[in-house]
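Structural description and commentary
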There are 2 protein chains.
Amino acid sequence: MKAFKELSKVEAQEQLAMLMEEYGQFKAKELKLNMSRGKPAPEQLDLSMSLLDTVSSETTAEILKEGTADDLRNYGGLVGLPETRKLMAEIMDVDADDVIVCGNSSLNVMYDMVSQAFSHGVAGQTAWAKLGEPVKFLCPVPGYDRHFALTEYFGIEMIPVPLTADGPDMNIVEDYVNADASVKGIWCVPKYSNPTGTTYSDDVIRRFAALSPAAKDFRIYWDNAYAVHDFEQPGESLLNLKAACSEADNENLWYMFASTSKITFAGSGISALASSPDNLAEIRGRLSLQTIGPDKLNQLRHALFLRDLDGVRAHMQKHADIVAPKFETVLRVLDKGLNGLDIGEWTQPKGGYFISFIGLPNTAKRVVSLAKDAGMMLTGAGATYPYGNDAEDSNIRLAPTYPLIEELEDASKLFVLCVKIASLETLLK
Amino acid sequence: MKAFKELSKVEAQEQLAMLMEEYGQFKAKELKLNMSRGKPAPEQLDLSMSLLDTVSSETTAEILKEGTADDLRNYGGLVGLPETRKLMAEIMDVDADDVIVCGNSSLNVMYDMVSQAFSHGVAGQTAWAKLGEPVKFLCPVPGYDRHFALTEYFGIEMIPVPLTADGPDMNIVEDYVNADASVKGIWCVPKYSNPTGTTYSDDVIRRFAALSPAAKDFRIYWDNAYAVHDFEQPGESLLNLKAACSEADNENLWYMFASTSKITFAGSGISALASSPDNLAEIRGRLSLQTIGPDKLNQLRHALFLRDLDGVRAHMQKHADIVAPKFETVLRVLDKGLNGLDIGEWTQPKGGYFISFIGLPNTAKRVVSLAKDAGMMLTGAGATYPYGNDAEDSNIRLAPTYPLIEELEDASKLFVLCVKIASLETLLK
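In what follows, the accompanying structure is described.

Definitions and cut-offs
- Residues numbered from 1 in each chain as written.
- Chains lettered and ligands numbered in written order.
- Predicted model: local features only at pLDDT ≥ 70, side-chain atom pairs only at ≥ 80, totals over all residues.
- Heavy atoms only, no water.
- Least-squares fit on C-alpha atoms with pLDDT ≥ 70 in both.
- Contact = heavy atoms within 4.5 Å.
- Pairing = 2+ DSSP bridges.
- Helix = DSSP H or I, 4+ residues; strand = E, 2+ residues; numbered from the N terminus.
- Axes fitted to C-alpha atoms, helices over the stretch in contact; angles between N-to-C directions.
- Buried area = accessible area lost by both parts, 1.4 Å probe.
- Salt bridge = Lys/Arg side-chain N within 4 Å of Asp/Glu carboxyl O.
- Parallel < 35°, antiparallel > 145°, perpendicular 65-115°, else oblique.
- Nonpolar A, V, L, I, M, F, W, Y, C, P; charged D, E, K, R; others polar.
- Phe/Tyr/Trp six-rings, centres within 6.5 Å; stacked < 30°, edge-to-face > 60°.
- Buried < 20%, exposed > 50% of the residue type's maximum accessible area, 1.4 Å probe, protein only.

Turning next to the relation of the copies chain A and chain B. In the superposition of chain A on chain B (RMSD 0.0 Å, axial shift 0.0 Å), the rotation amounts to 180°. Here the symmetry operator amounts to a two-fold rotation axis. For chain A, the minimum C-alpha distance to the rotation axis belongs to A129(A) and amounts to 3.1 Å. Both copies present the same face, since 100% of the interface residues in chain A are matched by interface residues at the equivalent positions in chain B.

The structure is reproduced here in structure tokens:
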């Protein structure tokens, strides 16, 4: 294939005309496709159906007969069920004592951390609401739109930091964090990052741990959403941030988040928070005013169903058996359709939920719009950047997990077509 | 019995000596009693065991086969499951559209409302965090310690308002709310109030609805925690605040809260928030950043188990059969031990979780301390007042639901004894 940039104007116009005809045929099919949703497919949810039977009236009566623990049905247990803390600690690669197990949404846990910092401050420092100037967060880009949305909600100024193949550009991170006391946090999805699939390198994580923040209340917001979401074993390895921070005498630098939303049920999983003893003491202070305790029965369901890290790994292999072929389908079609044209690059993740596509500048919005008009929803262009602002207008997030394989075949072909059209249009301008 | 105040000094000293001897005998028994815990007893939790079987792998597969609704196991459904919104609406005496069903803790929902007002304001008004002067809340007393604790956490100044037999003293409420723009809220437990068991009269509720707040962001925080927690049918009736506010052209004046914590499982119930369309729109704006949706499977459990208001009433009758005899035990012992002595008054609730005891001034702390030394935990004296400050030091909250009847017999006798001793000590000073 000839790179599009090397086409003469006439050749490009001819190509575009042919592609528009093909596009018209796609439109005529009146397809309903959707590659925007980062959520598990029904077959993935089916894998956890027996979780629903772990805590029945019968099994619960037996547990209550043993009678050593507090009554799981009643109030209490602010930091979560011991066996579930242990389970989440294994997933998060920390100790059970480091963990607080919470409700069904890790996003909610992250929201609460930012909200607490806003209203009450972190580590005895001034509450962000009371500071004269706005707080800043570093946001590796492309990144997770919901991190950005909640950060914006609190009026926090977001500073984009490029995500390299090894993780965030640490020169930029260090420059900001170590010099600017208004920089209070950085959002990280350190493994199979949303949307690029990047896993941070050991070197990057050691540089994180060795930061000397100008702000005493700077924290790393480490959203390990895809900790065990490997397509193959062993998956990409992630250096332990807790250990790295301790080695660097930066024990309190980190907050870690995880959930089972993409392990068991997206809506009815459990979430967890981990941090240092000092940080946890501060968080428990707020938590004790906010609730009398989490849903321990749902925590128990998870402990009984997943058991331990081996159980989790075995279960995640079943997810991989469903998800990996979907990724392969999309990647195969992208390869076939776009290789050699020099109009885009895309990631080849070894886990997680997304593929990140970078096209020519000023094409992403047009691709999303073309796709929509032909019956396919894509994540909004720009959604992966703070304030929805992708200055290059080149990044699109593809979410292959939810559609059927057959749908993905069509969807990927349509995507390729839209990318080609938008690229030619741009080159012809 | 002769009133203690009419005893001569010598008589009082003799009485006290006898009582101290009796107290010594109690101490020797090394009892372990606890009337501090406002939580359901295990037998109450047993009533809901079959809730755990409503959502099994089998029943869920059947529901999914019907396939009309969104997949309950996945993300989404920010405002809750339609059938559960309907159920909670019936309990709260509002429409399903007025309701957002949330997680396992209504305290968490209330915390979030105050937190949102603090960080972002209410109804487009200035965020409380950004106001020059502290916000004020009215707090009917005695009241619920956890309301006060979370209010204090946000630096809100709490103003105690006496709770009369009909509800809060509305002359005082009107004076504050209609004149002082820094008064932004009032905490109400309008039915079987914690700890007095008071149900607000129709007249009080109409006066609430007719308030003309100086602050546009003043709201009534209506924690209807004991909406269906009657000992007998029909229970005390509560005028519908929503309807009253609409009649008074004050549609946006109210936030309502409820939960099934004391209907099904205290730790694994569901909570709900109800309000006007304008208020709900504002709340949804925050919720959409905070979570991708609630635990819909647990909401489904509740809809299937409780079904509708008739189902709830039938279920609550079983609670009443357990709880009412416990209240009767405590009230009988108090009657027998204290009638005619003129050293205390107590409430005779028709529902809810508490009895409120008002003794002589300067006796409550001493009673709690005497009880503790004899092996009985009582709610800390002062806990029912903002800042833990019961200026009279006279109120003690008794929680009869958790202990066994036999324990309550002992506990109430010990309580009576401690009240007598503390009263004589005070009178002799």
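Residue and element names in this part refer to chain B. Spatial ordering of the open sheet is given by β10-β11-β13, a layout of three strands whose pairing is antiparallel. If you trace the sheet from one side to the other, it starts and ends with β10 (344–346) and β13 (395–398), each paired once. Recorded for the sheet is a direction-independent mean angle of 20° between the axes of neighbouring strands. In the sheet, β10 pairs with strand β11 (residues 355–359) via three bridges, with the strands oriented antiparallel. Its bridge partner being in β11, G344 is matched across the sheet by G359.

Much of the literature gives interface size as the accessible area that the parts lose upon coming together. Listed per partner, the contact involves 58 residues of chain A and 58 residues of chain B. The junction of chain A with chain B conceals about 4900 Å² of combined surface from both sides, 53% of it contributed by carbon and sulfur atoms. When the buried surface of chain A facing chain B is broken down by residue, R73(A), Y75(A) and L289(A) rank first, second and third, together holding 16% of it. Between R73(A) and D46(B) there is a salt bridge; the shortest N-O distance is 2.6 Å.

Two numbers describe how helix α10 (residues 277–290) of chain A lies on helix α5 (residues 106–120) of chain B: the axes approach to 8 Å, and their chain directions differ by 110°. In terms of their interaxial angle, α10(A) and α5(B) are classed as roughly perpendicular. Contacts between α10(A) and α5(B) involve R286(A), L289(A) and Q290(A) from the first element and L107(B), N108(B), Y111(B) and D112(B) from the second. Taken together, the residues of the contact of α10(A) with α5(B) break down into three nonpolar, two polar and two charged.

Our focus in this paragraph is the packing of aromatic side chains. Under the defined criterion, the tally for this structure stands at 34 aromatic pairs over all chains. When the centroid spacing of 5.2 Å and the interplanar angle of 75° are considered together, the rings of Y221(A) and Y255(A) count as edge-to-face. Of the two residues, Y221(A) sits in strand β7 (residues 219–223) while Y255(A) sits in strand β8 (residues 254–259), which places them 34 residues apart along the sequence. The interplanar angle of 80° and the centroid separation of 5.8 Å between the aromatic rings of F208(B) and W222(B) together place this pair among those described as edge-to-face. Within this pair, whereas F208(B) is found in helix α8 (residues 202–209), its partner W222(B) is found in strand β7 (residues 219–223), the two being separated by 14 residues in sequence. F208(B) sits in the buried class, given a relative accessible area of 0%.

Take it as geometry only, folks, not as evidence of what the structure does.
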